Amino acid sequence: MPRAKTSGTNSIFRDLPSVDAVLRTPTGRSVASEAGERHAASLTREVIAMLRDEMEAGSHHEAQPEELLHLSEARLEAAYQALELKRVHRVINATGVVIHTNLGRAPLSDAARRAVADAAGPCTVEYDLASGRRGRRGVMAEELLRELTGAESVLIVNNCAAAAFFVLMVFAAGGEVIISRGELVEIGGDFRVPDVLAQSGATLREVGTTNRTKLSDYERAVTGKTRVILRVHPSNYRIVGFTAAPSIEELAGLAHKHKLLFYEDIGSGALSELSAVGLADEPVVGVSLTSGVGIVTFSGDKLLGGPQAGIIAGRSEYVDRLRKHPLYRALRVDKLTYAALEATLQAYRRGTAADEVPVQRMLSISEHDLRQRAAMFLERLRGLTPANSGLGFELIEGESAVGGGAAPSARLKTSLIAVTHVTRTAPQLEMTLRQGSPPVVARIVDGRVVLDLRTVTEVEENDLAAAIASLS
Ligand SMILES: *Cc1c(COP(=O)(O)O)cnc(C)c1O
């Protein structure tokens, strides 16, 4: 029998469960075993406080004690799931954006994943097995990078932003850095060349105009305070049309004449011309170094397709000064990064990076292969979904993107699978996929959810197919 709960302010709350009662339910026990007793209790208190507020506002007055307990359980489960979504999850990247910054940039190769798992326990990051004594960090990764870029010396830091800051701080603080106006760019929303320069303690000397800068512009700007000539690869941005810039050799000559460091921040560059997989305007690290650049910096996780890292490559006289600088200790990388980087670089040394390194593979897969894969996948989806499922599929032409602030002018044609449902909207389908297990991240184009298999591995296709089929 429902009782009247309107008399007295306390009585309407009488049937709310206690925190302990909720924690004793199956849901309470399972949340507590995953998140810990204290966290489960704090979530439960929030759930009960919210129910209390709702009762005060006039809801749930007819609810029986056991209904309130069930409601609390359901709310606790939802609160826990909402928190769980914030954890770092593996996802399926069906966006076609190869180096997706929000999704962790480069997916690591199988060899790099195994290396990370191996290094997770005790490992030789600073131990030399040959002598049984302390070893130097990063020797193997540095050696591989020296070999692959032709650099005299290499140093590895946390990311390319740290590398740029470090180089400018050590070689230009208190002095001036000359840079072309066309290269004062922002990359990825929070890396702004002028801001990094200001933080390093150097003063910016802009020369030339946005579209044209001549050698004589640089020459006229050199004073007794000049320390560095900086060239920045605009990465995610192109100035086209009536443009001019001095060659690397000309700038190197100028730097040499005035005993200045010539530093080039390449960011997304390629290791060698061979690994530039059709991205014609990506600078090649080795080419810059042989053309007379003193230091080149680039990201480990852009076109290289390795872990997040900033690679500093160049002449020993410069790089070794950085290695001995006290700030290096604050910017160096951990054992997992070295492990992943070594394994990635070994694929380049073997000459198998095009097959083994996912970024390289995803960028080089042909239009024809993508169309075939998409057509087969579509047939598979039709097979998995009954005619009355409400789901519809269509193969359409589209474009993938390199992403990660790299190669903005590269056009990567692809075949997309458009997914529609008779009653559910594209944002509803997209959200269901995103919150599934494993989460699938897809794009919406012209009001339809689209899947791009360029960034989905063949192994992941199984999970992707199951996720789509469950939308019906
Ligand atoms: C991406 C990029 C950076 C920043 O690199 P992170 O590895 O993301 O820190 C710096 N400079 C250039 C030219 C870049 O393209």
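Here the structure is shown first, and the text comes after it.
In what follows, the accompanying structure is described. What you see is a predicted model, and the numbers here were worked out from it, not measured in a lab. (Residues numbered from 1 in each chain as written. Predicted model: local features only at pLDDT ≥ 70, side-chain atom pairs only at ≥ 80, totals over all residues. Heavy atoms only, no water.)

Observations concerning the overall build of the protein
- Within the protein, the secondary structure is distributed over 19 helices and 18 strands.
- Over its C-alpha atoms, taken along the principal directions, the protein stretches across nearly 95 × 55 × 50 Å.
- When burial is assessed residue by residue, the protein has 48% of its 472 residues classed as buried.
- Accessible area of the protein: about 22900 Å², with a carbon and sulfur share of 52%.
- In the protein, the 54 positive side-chain charges and the 57 negative ones have mean positions that sit 5 Å from each other. (Helix = DSSP H or I, 4+ residues; strand = E, 2+ residues; numbered from the N terminus. Buried < 20%, exposed > 50% of the residue type's maximum accessible area, 1.4 Å probe, protein only. Areas by Shrake-Rupley, 256 points an atom, 1.4 Å probe, with all protein chains shown as cover. Lys, Arg positive; Asp, Glu negative; His and termini not counted. Charge placed at Lys NZ, Arg CZ, Asp CG, Glu CD.)

A short note on the sheet that holds strand E2 (residues 97-99)
- With respect to topology, 5 strands assemble into an open sheet ordered E2-E14-E15-E18-E17, the strand pairing being mixed. With one partner strand each, in any of the chains shown, E2 and strand E17 (443-445) form the two edges of the open sheet. Each neighbouring strand pair of the sheet contributes to a mean axis angle of 40°, computed without reference to strand direction.
- Across 10 bridges, the pairing between strand E14 (residues 391-403) and strand E15 (residues 412-421) is antiparallel. In the sheet register, Leu395 faces E15, and the bridge partner there is Ile417.
- Against the sheet, helix H18 (residues 426-434) engages E15, E17 and strand E18 (448-452), with an angle of about 45° to E18. (Pairing = 2+ DSSP bridges. Axes fitted to C-alpha atoms, helices over the stretch in contact; angles between N-to-C directions. Contact = heavy atoms within 4.5 Å.)

Points about the side chain of Thr226
- Within the fold, Thr226 resides in strand E10 (residues 226-232).
- A distance of 2.8 Å separates a polar side-chain atom of Thr226 from the backbone nitrogen of Thr223.
- Contacts of Thr226, omitting those with residues within four sequence positions, involve Glu176, Ile178, Ala221 and Leu260. (Polar contact = N/O pair within 3.5 Å; in protein donor to acceptor, adjacent residues only side chain to side chain.)

Points about the sheet that holds E10
- As summarised here, the arrangement of the 7 strands in space is E5-E13-E12-E11-E10-E6-E9, forming an open sheet in which the pairing is mixed. The open sheet has two edge strands with one neighbour each: strand E5 (153-157) and strand E9 (203-207). Here the average twist between neighbouring strands, direction ignored, is 25°.
- Relative to strand E12 (residues 295-299), strand E11 (residues 261-267) is paired through 4 bridges, and the arrangement is parallel. Looking at E12, one finds that Asp265 is bridged to Thr297.
- With respect to the sheet, helix H12 (residues 316-324) is in contact with E5, E11, E12 and strand E13 (310-314), its orientation differing from that of E5 by roughly 35°.

Digging into unusual backbone geometry
- Along the chain, Ser437 connects to Pro438 via a cis peptide bond; the corresponding omega equals 0°.
- When you line up the elements, Pro438 lands in the loop between H18 and strand E16 (440-441).
- A positive phi is found at Lys259, a non-glycine position, where the angle reads about 55°.
- By the element assignment, Lys259 lies in the loop between helix H10 (248-257) and E11.

Brief notes about H12
- Here H12 has its buried residues at Tyr318, Val319 and Leu322. Take H12 and look down its axis: the buried residues cluster within an arc of 90°, on one side only.
- Each element contacted by the buried residues of H12 is listed here: E5, helix H7 (160-172), E11, E12, E13 and helix H13 (328-331). (Arc of directions from axis to C-beta.)

Here we look at the environment of Pro427
- Within the secondary structure, Pro427 sits in helix H18.
- Looking at Pro427, the relative accessible area reads 52%, which means it is exposed.

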